[in-house]
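# Per-entry structural report
Spelled out, the chains give:
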Amino acid sequence: MSFSIVEKTLYLVHSEDPILKVEGARVIRRLTKSSLRYRRHFSDAVKPLVDMLRSTSFEFIEAALLALLNLSVKDEGNKKSIIEAGALEPIIGFLQSENASLQDYATASLLTLSASSVTKPILSSFGVIPLLVDILRRGSSHAKVDSILTLYNLSTYQGNLTLILETEPIPSIISLLKSCKKSSKTAEKCTALIESLMCYEEGRNALTSEEGGIFAIVEVLEIGSLQSREHAVGALLTMCQIDRCKYRELILREGVMPGLLELTVKGTTISQEKSQILLRLLRDTPYKRSELKPDTLENIVSNLISQLDGNEQTGKARGLLAEVIQVSMDQSLRHLHLREMVFTPVDLSVSSGASEISST
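For every chain, the first residue of the written sequence is number 1, and numbering continues from 1 onward in sequence order. It should be noted that, the model being predicted, local features are given only for residues of pLDDT at least 70 and side-chain atom pairs only at 80 or more, the latter also being counted only at that level, while totals for whole chains, interfaces and linings use all residues. Calculation of side-chain values draws on the structure's entire complement of heavy atoms; hydrogens and water are dropped beforehand.

### Section: the overall build of the protein chain
A count of helices and strands for the protein chain gives 22 helices and 0 strands. The buried label goes to any residue with under 20% of its type's maximum accessible area, the exposed label to any with over 50%, and the partly exposed label to all in between, with areas taken from a 1.4 Å probe on protein chains only. Per-residue burial over the protein chain gives 49% buried out of 360 residues. Put simply, of all contacts in the protein chain between residues at least 6 apart along the chain, 67% involve residues at least 24 apart. Only carbon and sulfur atoms are counted for the fraction: they give 53% of the accessible area of the protein chain, which is about 17900 Å². Runs of H or I in DSSP of at least four residues are treated as helices and runs of E of at least two as strands, each being numbered from the N terminus. We call two residues in contact whenever any of their non-hydrogen atoms come within 4.5 Å of each other. Each accessible area value is a Shrake-Rupley result obtained with a 1.4 Å probe; residue values ignore everything except the protein chains displayed when judging cover.

Written as structure tokens, this is what we have:
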């Protein structure tokens, strides 16, 4: 670490010369891109950089905003300093700018600032949630991704989820989910946010009213990442647990069975548990919760498949059912084999000991 570089750069950003200020901001951006140590050493640059955000020059604003963006990554102290220096007001202004680049930079900045439990309530108190949802509706593709990631971060703070719900974000989230790669981080955060919003009637109504809304969730359940699939099955399960009669047919109609069956075999532990519960909820026979456990997964799925039309989805579901049964049998055989390995030696040793006692 060369402290002469730090000192020289700090001198530049504190200078009254606009050209030197921009130069200093660009150096900070470059040096802090991947260095936690430089982010710490340049903490004294936060105030002059924030002051640069109030300029009318795009070059000034761009250089300062990108430097602040890098300074705030994985540095709680800098995040706090940036907010305390008054950066939120100009950043929020940039969110509403007609300049697409400023919108992108501002959304990215809020994403890094939202990755802290301390800053989440502050950001929501400044009214960023409706603006982020607006970006989700009309922003660039890059800004939309940063917006959904930021909204997800904010949603994990108590009270923010209802603020997000009030902005009616479901149509925009579904639109982004349809267009993104289903195995991406974007899809993961979209489905995670949808899962949380399914706890509210307004969220469920919005999803079912949106054309292809449930199908978008089913697609993630089939081909998403492991974490995305977990959120997808969680969203559908929440809907069924709250009102099975209302949502059962809507979910079955979108061809959920193949993905759901596969998830009982290949999903995370949580996904496997949730998918099995959802399968029980999707069957036609009315039941009480206490009646769920005696049914085997195979019988429940067979019951569901018998209700479906004879099409490609049914054929795929039958094939996956066979796989579920085979995996279940394999697990049972392994369990029995392990029991033999554990208990047989003990039984032999006891018998042997008993014989020796009898002989004496």
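We are not done yet, so read on.
### Considerations on helix H2 (residues 18-31)
Between its terminal C-alpha atoms H2 stretches 20 Å, which fits the 20 Å expected from 14 residues at 1.5 Å a residue. Every buried residue of H2 is listed here: Lys 21, Val 22, Gly 24, Ala 25, Val 27, Ile 28 and Leu 31. Capping the start of H2, Asp 17 holds a side-chain oxygen 2.9 Å from the backbone nitrogen of Ile 19, two or three residues further along. In a helix, the anticipated span is given by 1.5 Å times the number of residues less one. Two N or O atoms form a polar contact when they lie within 3.5 Å of each other; inside protein one atom must be a possible hydrogen donor and the other a possible acceptor, and for residues adjacent in sequence the pair counts only when both atoms belong to side chains.

### What to know about the confidence of the model for the protein chain
Looking at any residue, its pLDDT shows the predictor's confidence there, from 0 to 100. When pLDDT is averaged across the protein chain, the result is 85; 78% of the residues are at 70 or more. Every residue in residues 327-340 is under pLDDT 50, and counting partners more than four places away or in other chains gives 4 contacts. This stretch, residues 342-360, has a pLDDT under 50; its non-local contacts, to residues over four places away or in other chains, come to 2 contacts.

### With respect to the environment of Gly 259
Considering the arrangement of structural elements, one finds Gly 259 in helix H19 (residues 257-266). Residues Gly 259 and Glu 222 lie 37 residues apart in sequence; the distance between their C-alpha atoms is 4.4 Å. If we ignore the near neighbours within four places in the chain, the residues touching Gly 259 are Leu 221, Glu 222 and Arg 229.

### A look at the nonpolar core
Put simply, buried Ala, Val, Leu, Ile, Met, Phe, Trp, Tyr and Cys residues joined by side-chain atoms within 4.5 Å make one nonpolar core. Core analysis: the largest hydrophobic core is formed by 96 residues, its most contacted members being Leu 49, Leu 53, Leu 177, Ile 194, Leu 236 and Val 256. Per-element tally for this core: the top contributor is helix H5 (residues 58-72), with 10 residues. In this document the domain limits rely on a domain assignment from an automatic tool or a database. Two domains each provide a minimum of three residues to this core, namely domain 1 (1-85) and domain 2 (191-286). In this view, Leu 53 contacts Ile 61, Ala 64, Leu 65, Leu 68, Ala 87, Pro 90, Ile 91 and Phe 94; residues no more than four positions away in its chain are not counted.

### A word on the pattern of salt bridges
Throughout this description, the term salt bridge denotes a Lys or Arg side-chain nitrogen within 4 Å of a carboxyl oxygen of Asp or Glu. Throughout the structure, instances matching the rule amount to 12 salt bridges. A salt bridge links Lys 79 to Glu 76, with the shortest nitrogen-to-oxygen separation between them at 3.9 Å. Residue Lys 79 and its partner Glu 76 are both found in helix H6 (residues 76-84); the two are separated by 3 residues, about one turn of the helix. The buried category is assigned to Lys 79, whose relative accessible area is 2%. For Glu 76, a relative accessible area of 44% corresponds to the partly exposed category. Because the salt bridges share partners, they merge into one network encompassing Lys 47, Asp 51 and Arg 54.

### Brief notes about helix H15 (residues 201-209)
Taken together, the buried positions of H15 are occupied by Gly 203, Arg 204 and Leu 207. Taken around the axis of H15, the buried residues stretch over an arc of 95°, which confines them to a single face. When the buried face of H15 is taken as reference, the exposed residues oriented beyond 90 degrees from it are Glu 202 and Ser 209. Close packing links the buried residues of H15 with helix H12 (160-166), helix H13 (170-179), helix H14 (185-197), helix H16 (213-223), helix H17 (226-242) and helix H18 (244-253). By construction, the arc corresponds to the directions joining the helix axis to the C-beta atoms.

### Structural notes on the packing of aromatic side chains
The relative placement of two aromatic rings is captured by the distance of their centres and the angle of their planes. Pairing of aromatic side chains requires ring centres within 6.5 Å, counting the rings of Phe and Tyr and the six-membered ring of Trp. Pairs whose planes differ by under 30 degrees are stacked, by over 60 edge-to-face, and all others tilted. Scanning all chains against the criterion turns up 1 aromatic pair. Between Tyr 38 and Phe 42 the ring centres are 5.9 Å apart and the planes differ by 20°, which places this aromatic pair in the stacked class. The two residues Tyr 38 and Phe 42 agree in class, both being buried.

### Thoughts on unusual backbone geometry
Most peptide bonds take the trans form, and the phi angle of most residues other than glycine is negative. One non-glycine residue, Lys 74, lies in the positive phi region at around 55°. Within the chain, Glu 168 stands out as a residue other than glycine whose phi angle is a positive 55°. Following the sequence through the fold, Glu 168 ends up in the loop between H12 and H13. Accessibility expressed as a relative area gives 58% for Glu 168, which makes it exposed.

### Section: the packing of H13 against H16
At a closest axis distance of 10 Å, the pairing of H13 and H16 adopts a crossing angle of 45°. Comparing the axis directions of H13 and H16 gives the class oblique. As H13 runs across H16, the sense of the crossing is left-handed. Across from Ile 174, Leu 177 and Lys 178 in H13, the residues of H16 making contact are Gly 213, Ala 216, Ile 217 and Val 220. When grouped by side-chain class, the residues that make up the contact of H13 with H16 number 5 nonpolar, 1 polar and 1 charged. Think of each axis as a best-fit line through the C-alpha atoms, taken over the contacting stretch in the case of a helix, with angles from 0 to 180 degrees between the N-to-C directions. Throughout this description, any angle smaller than 35 degrees is read as roughly parallel, any larger than 145 degrees as roughly antiparallel, any in the 65 to 115 degree range as roughly perpendicular, and the remainder as oblique. In a left-handed crossing the near helix is turned counterclockwise from the far helix by less than a right angle, and in a right-handed crossing that turn is clockwise. We call Asp, Glu, Lys and Arg charged. Ala, Val, Leu, Ile, Met, Phe, Trp, Tyr, Cys and Pro are nonpolar, and the rest, Gly among them, are polar.

### What to know about the side chain of Ser 271
Looking at where Ser 271 falls in the secondary structure, it is placed in helix H20 (residues 269-282). Only 2.9 Å separates the side chain of Ser 271 from the side chain of Thr 268, close enough to count as a polar contact. Residues within four places of Ser 271 in sequence aside, it is in contact with Leu 226, Arg 229, Glu 230, Val 233 and Leu 263.

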